Amino acid sequence: MSDIFISYARSTAVQAKQVAEALRGLGYGVWRDDELPAHRPYAQVIEERLKSSKAVVVIWSADAVKSEWVQAEADRARASGKLIQLAIDGAQPPMPFDRIHCADLSGWTGEADAPGWRKVVASVGDLMGGPGASTGQGAGASPPIRTLSICVLPFANMSGEAEQEYFSDGISEDIITDLSKVSALSVVARNTAFQFKGKAVDIPRIARDLNVSHVLEGSVRKAAGRIRISAQLIDGAAGDHVWAERYDRELTDIFTLQDEISQAIVGALKLRLLPAEKQAIGQRGTGNVEAYNLFLMARRYNVGGSEGDSRRNETIARMCRRAVEIDPGYAPAWALLALARTLLFFAGARDEDDGLAAAERALALDANLAEAHAVRARHLAQQGSPEEAFAEIERALRLDPESFEVNWAAAAMSFRQRRLEDAIRYFEKAMTLMDDDMGSPGMLISCYTALGEEPARWRVAQVALARAEKALSQDPTNGKAMGFGVNALAALGEGERAREWIDRALLIDPDNGSMRFNLACALAARLGDADGALGLFGPWSVKASSSLLAHAKADSDLDSLRDDPRFVAMLAAAEARLAAEARVPAT
């Protein structure tokens, strides 16, 4: 376990190493990002290490003050009460961190008796109860406190039908959500847990690798109106069962059953719930099993699909529409309906349902529903009110910083404003939240290309390619996977293979506008083929919606085409067409 997280700008890696080694010399476990594992997403590991650390040492420098990453990590540390600050080049911490004491280590070369270093050691000791603590006790004065933490592995689908996978996944996700509401318990993120789906697992190794005290595993069987759930809570270090139970109930008892499982885990860990936490657990938005089942199916489509896939959005909208017909008070279903209708409308659907009314209905039922605020933010951005849009998305992020939909919306809005560092932060986060999300790593390729950050581009391209290949193994006609896969191959220097994929993609799904756009971006930005890119843009531009046209104007992948008269003419023709269509009432 790493007790201390070190946050710093890349230009001060030497000083960060010096600070880390000095703290290790005092007996502390220290982690900094030079220890990132090659097989896991960057942002995912950072998130876990920040959450599990007991102290976060932020090294401020001129570059760190300008770094979105350092500021984000410092903000998380400040919010959790474990921020320790030091400055190495006279840099002053930015607001609001300038209101917190910052030790001055300008010119420090490792002296243990330097005043600034003594302040750092004392602060670390106060948080850790270690060598520099104000009590004066040594590192071995008391046994280490074992923080309670848990990984909820995806429950196995035992129904005998692959299409029931959405239900077992939904049960697992809801248990993760319930346990995350317990302040005394650290819960591994959904995406981290789901990387073990369908694999033979070694519980002690998972506990060790993820730095958790406990692991929950189980299975779900749903058939003939009944549900059977088996669950086991295992001590990660000893490998012993702390609690195990099997439930066999009517499907109509699913909500009570989920509450019982969450409460049983809390009881087995001997945790005491705060009144608000006890009330929050089990709030699912509906008491109707049919509506809940429809929502789980729609949510699965939303996670596994593509924003540019109209068929997918129409399916989600139908399922959610039926769910709210069954239970008009089901706020999460209204929010997902709002998102699907918004994406259809932005893609050019010629009807009056733009999704905003559904978002407002969701917020009337639950004013703290982050996903509904994110839909409202999308509409404000589309209407040309960026300041209001970003205020709304910031509210959504405060309400639920772990929401995939919210982080994706924040990233997409930032990207269109060419705020690439902000877009990177949110796309990185979104990438860690859903294990089959190809869009986030695909967009990150564009962001890192524009900023010239080659190692980062290589990293996310590998993630995008792996996810695209997995999706294509399940559905060889997946246009989204082919589009992002081509971009990843081109970014990894596999130009010949990328062109083979382009030829195959255009044979399989030539009318997929979103895929065609991504293929054109790969040709323009990574394969140096302007003619090929413009050949793909011709058919795209005659159908593009105003939202997609706005994206094309902002996308840095197309910067090499901005001065090409053919590209300028295509965009102008698209704008004229959209203006003419806007004057014709929808039927």
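Everything numeric here is computed off the predicted structure, so don't read it as measured data.

Here we take up helix α20 (residues 454-474). The first and last C-alpha atoms of α20 sit 31 Å apart over 21 residues, in line with the 30 Å expected at 1.5 Å per residue. All of the buried residues along α20 are A456, R457, V460, A461, V463, A464, L465, R467, A468, A471 and L472. On its buried side, α20 packs onto α7 (190-194), α18 (420-433), α19 (439-451), α21 (479-491) and α22 (495-508).

A few words on the environment of G107. Mapped onto the secondary structure, G107 falls in the loop between β5 (102-104) and α5 (115-128). For the pair G107 and A87, spaced 20 residues apart in sequence, the C-alpha to C-alpha distance is 10.0 Å.

Moving on, we come to the packing of α21 against helix α23 (residues 513-525). Two numbers describe how α21 lies on α23: the axes approach to 8 Å, and their chain directions differ by 5°. With respect to each other, α21 and α23 are oriented roughly parallel. Contact with α21, carried on its side by G479, M482, G483, F484, V486 and N487, involves M515, N518, L519, C521 and A522 of α23 and no other residues of that element. Of the residues assigned to the contact of α21 with α23, the class counts are 7 nonpolar, 4 polar and no charged.

With that settled, consider the pairing of strand β10 (residues 226-235). Within β10, 8 of the 10 residues are buried, which leaves the element mostly enclosed by the surrounding structure. Pairing analysis gives 10 bridges linking strand β9 (residues 214-223) to β10, with the strands arranged antiparallel. Among the inter-strand pairings, R221 is bridged to a residue of β10, identified as R228. The turn linking β9 back onto β10 is made up of 2 residues, and A224 within it adopts a positive phi angle of 50°. Relative to strand β11 (residues 241-250), β10 runs antiparallel, the two sharing 9 bridges.

The subject of this paragraph is the pattern of salt bridges. Counted under the stated rule, the structure contains 28 salt bridges. For D174, the salt bridge identified is with R299, shortest N-O distance 3.9 Å. Linking D174 in helix α6 (residues 165-180) with R299 in helix α11 (residues 289-304), this pair joins segments that are 125 residues apart in sequence. Judged by its relative accessible area of 10%, D174 falls in the buried class. One salt bridge in this structure joins E360 and R376, with 2.7 Å as the shortest N-O distance. Separated by 16 residues along the polypeptide, E360 in helix α14 (residues 356-365) and R376 in helix α15 (residues 370-382) bring together distant segments of the chain. Overall, the relative accessible area of 34% leaves E360 in the partly exposed class.

This paragraph deals with the side chain of H214. Structurally, H214 can be placed in strand β9. In contact with H214, not counting residues within four places along its chain, are L148, S149, I150, C151, L233, I234, D235, G236, V242 and L269.

With that settled, the discussion passes to empty space enclosed by the protein. Within the structure shown, the criterion is met by 1 cavity of 30 Å³ or more. The volume enclosed by the largest cavity comes to roughly 60 Å³. Contributing to the lining of the largest cavity are G442, M443, S446, F484, N487, F517, N518, C521, H551, D555 and D557. When residues of the lining of the largest cavity are traced back to their parent elements, those giving at least two are α19, α21 and α23. Looking at the lining of the largest cavity residue by residue, the class counts come to 4 nonpolar, 5 polar and 2 charged.

Mapped onto the fold, R246 is located in strand β11. Taking the C-alpha atoms as reference points, R246 and N407, 161 residues apart in sequence, are found 36 Å from one another. In contact with R246, other than residues within four places in its own chain, are R228, I229 and S230.

Applying the stated criterion across every chain yields a total of 6 aromatic pairs. A centroid spacing of 5.1 Å and a plane angle of 70° characterise the contact between F255 and Y292, whose relative ring orientation is edge-to-face. In this pair, F255 sits in helix α9 (residues 254-268) while Y292 sits in helix α11, placing the two residues 37 residues apart along the sequence. Take F255 and Y292: they sit in the same class, and that class is buried. Relative to F567, the ring of F537 lies with its centre 5.5 Å away and its plane at 65°, an arrangement referred to as edge-to-face. Here F567 lies in helix α26 (residues 565-582) and F537 lies in helix α24 (residues 530-541), a separation of 30 residues in the sequence. The class for F537 is buried, based on a relative accessible area of 2%. Look at F567 and you get buried, because its relative accessible area is 1%. Each member of the aromatic cluster is reached from another via a ring pair, and the members are F517, F537 and F567.

What follows is about the side chain of R516. Secondary-structure assignment places R516 in helix α23. In this structure, R516 is buried with no salt-bridge partner, the nearest side chain bearing the opposite charge being D511 at 5.7 Å.

Moving on, we get to the confidence of the model for the protein. With 91% of its residues at a pLDDT of at least 70, the protein reaches an overall mean of 83. Per-element mean pLDDT across the protein ranges from 70 in helix α2 (residues 42-52) up to 95 in α14. Ignoring residues within four places in sequence, the model shows residues 130-146, a span with pLDDT below 50, making 18 contacts including any to other chains.

Once that is clear, we can look at the sheet that holds strand β4 (residues 83-87). With respect to topology, 5 strands assemble into an open sheet ordered β2-β1-β3-β4-β5, the strand pairing being parallel. In this open sheet, the two edge strands, each paired with only one partner strand, are β2 (30-31) and β5. Here β4 runs beside β5; their pairing, made up of 3 bridges, is parallel. Each bridged residue has a counterpart across the sheet, and for A87 the counterpart in β5 is D104. Relative to strand β1 (residues 4-7), helix α1 (residues 13-25) is tilted by about 165°, and along the sheet it contacts β1, β2 and β3 (55-60).

Glancing now at unusual backbone geometry. Residues apart from glycine generally show negative phi values, whereas peptide bonds are mostly found in trans. Located in the positive-phi region is K270, a residue other than glycine, with phi close to 60°. Along the polypeptide, K270 turns up in the loop between α9 and α10 (275-280). Of note, R418 is a non-glycine position whose phi angle comes to about 60°, a positive value.

Definitions and limits used
- Residues numbered from 1 in each chain as written.
- Predicted model: local features only at pLDDT ≥ 70, side-chain atom pairs only at ≥ 80, totals over all residues.
- Heavy atoms only, no water.
- Helix = DSSP H or I, 4+ residues; strand = E, 2+ residues; numbered from the N terminus.
- Expected span 1.5 Å × (residues − 1).
- Buried < 20%, exposed > 50% of the residue type's maximum accessible area, 1.4 Å probe, protein only.
- Contact = heavy atoms within 4.5 Å.
- Axes fitted to C-alpha atoms, helices over the stretch in contact; angles between N-to-C directions.
- Parallel < 35°, antiparallel > 145°, perpendicular 65-115°, else oblique.
- Nonpolar A, V, L, I, M, F, W, Y, C, P; charged D, E, K, R; others polar.
- Pairing = 2+ DSSP bridges.
- Salt bridge = Lys/Arg side-chain N within 4 Å of Asp/Glu carboxyl O.
- 1 Å grid on protein atoms, 1.4 Å probe; cavity = no way out; pocket = protein on both sides within 12 Å on 5 of 7 lines; lining within 4 Å.
- Points joined across faces, edges and corners; volume = space filled by probe spheres on them.
- Phe/Tyr/Trp six-rings, centres within 6.5 Å; stacked < 30°, edge-to-face > 60°.
- Lys, Arg positive; Asp, Glu negative; His and termini not counted.
- pLDDT = per-residue confidence, 0-100.

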